[in-house]
Amino acid sequence: MAALLLLSHAKRKAKDAGVPIPTVWQSLADLGVHFRRSQVAMVVAAPGVGKSAFTLNLAIRSGAKGIYMSADSDEVTQAFRAAAILTGDPVAEIENAYKAGKGEKYDRALREFTNVWFDFDASPSLQHIEEEVLAYAYMYGEWPEILVLDNLVNVFDESGGEGFAGQENTMSFLVDMARKTEAQVTVLHHVVGDAESGDQPLKLKDTRGKITKLQTLVIGLAYTDDYLTTGRPLGAYVLKNRSGRADASGGLSVTLQADLDRMLITDLDEKPMPASTYGVSDDVWDDFQRDFVETMQ
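Keep in mind that what you see is a predicted model, and the values were worked out from it rather than measured. (Residues numbered from 1 in each chain as written. Predicted model: local features only at pLDDT ≥ 70, side-chain atom pairs only at ≥ 80, totals over all residues. Heavy atoms only, no water.)

Caption draft 1: Spotlight on the pairing of strand E2 (residues 66-70). In terms of burial, E2 is largely enclosed, as five of its five residues are buried. Bridge count between E2 and strand E3 (residues 116-119): four bridges; the pairing is parallel. Its bridge partner being in E3, Met69 is matched across the sheet by Asp119. Two elements, E2 and strand E4 (residues 146-150), share five bridges in a ladder whose sense is parallel. (Buried < 20%, exposed > 50% of the residue type's maximum accessible area, 1.4 Å probe, protein only. Helix = DSSP H or I, 4+ residues; strand = E, 2+ residues; numbered from the N terminus. Pairing = 2+ DSSP bridges.)

So this is what it looks like as structure tokens:
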């Protein structure tokens, strides 16, 4: 049975509710866009635009501790992507290094990155997601700060819901979990119609199944018409934001730099940050530099 609480008591009880996880994109924060604990955010985009890269940047570069449910991408793919974000090296270079048996640098980087645990079930059920969150809490003695679900259509709803109904059930489940654990929950989802081209401004109604009622934040991603040396920039459209400004018609956005060769999505004016900022200690790179010099002598 749910307990009745005065708001003053409720605020003390849920001390982390609504607290933003550390900012990754200052341009979004300047618009009042924050990924907040106890709330569910959704990132929507066409296939191949970069919603998985965007969310992996959020999980790694925020420094938040938690779980990434990678139903849409396999273990090796995510390892290469994460290594690219952590080191700033191109994914292709990382893959070639492993093929040549020279992946020690990236193994070290991945070993040092311990903030986020990954689950690779291709069709996780709601019970499976709940069990993973409980296992995390049992192991660490606290709930995860962040939970990523990549992506919504991969989830199996064991209650029998299919299509839109099943996805609505999943969203209700995630909202309840976010409230109970005070985790920041981010869900990835697809778009429909002309928006599937990935190169036009997004609207809230472009979200597949119109599943936009329960989450507090919806960010849409699409390529812009501009080009940079690092690649084609991404427009990040603030389609829903209960804590600040938003425009369901796609009229509020920021432009982000998308270097998908390195899986880095950053503010336009952001300079590359040292890998140690993302949780990899300086001595890792000192060791690598020493080993590299020795091999060249």
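Past the structure itself, the notes keep going.
Caption draft 2: A look at the pattern of salt bridges. Applying the stated criterion to the full structure yields five salt bridges. Taking the shortest distance from any N to any O, the salt bridge between Lys105 and Asp89 comes out at 2.7 Å. Here Asp89 lies in the loop between helix H4 (75-87) and helix H5 (91-99) and Lys105 lies in helix H6 (residues 104-112), a separation of 16 residues in the sequence. Since its relative accessible area comes to 13%, Asp89 is described here as buried. Asp259 is paired through a salt bridge with Arg262; the nearest N and O atoms lie 3.5 Å apart. Relative accessible area serves as the criterion here: at 10%, Asp259 is assigned to the buried category. With a relative accessible area of 30%, Arg262 lands in the partly exposed category. (Salt bridge = Lys/Arg side-chain N within 4 Å of Asp/Glu carboxyl O.)

Caption draft 3: Representation of the sheet that holds strand E9 (residues 264-267). Read from one edge of the open sheet, nine strands run E3-E2-E4-E5-E1-E6-E7-E8-E9, paired in mixed fashion. Every other strand in the sheet has two partners, leaving E3 and E9 as the edge strands with one partner each. This sheet shows a mean twist of 25° between the axes of neighbouring strands, independent of strand direction. Pairing of strand E1 (residues 40-45) with strand E6 (residues 217-223) involves five bridges; the strand directions are parallel. Residue pairing across strands places Ala45 opposite Leu221, the latter belonging to E6. Strands in contact with helix H3 (residues 51-61) are E1, E2, E3, E4, strand E5 (184-189), E6, strand E8 (253-259) and E9; relative to E5, the strand with the most contacts, it is inclined by about 165°. (Axes fitted to C-alpha atoms, helices over the stretch in contact; angles between N-to-C directions. Contact = heavy atoms within 4.5 Å.)

Caption draft 4: Region of interest: the environment of Asp269. Within the element layout of this structure, Asp269 appears in the loop between E9 and helix H9 (282-296). Along the primary structure Asp269 and Gln26 are separated by 243 residues, whereas in three dimensions their C-alpha atoms are 9.9 Å apart.

Read these as layout, nothing more, since geometry by itself doesn't imply function.
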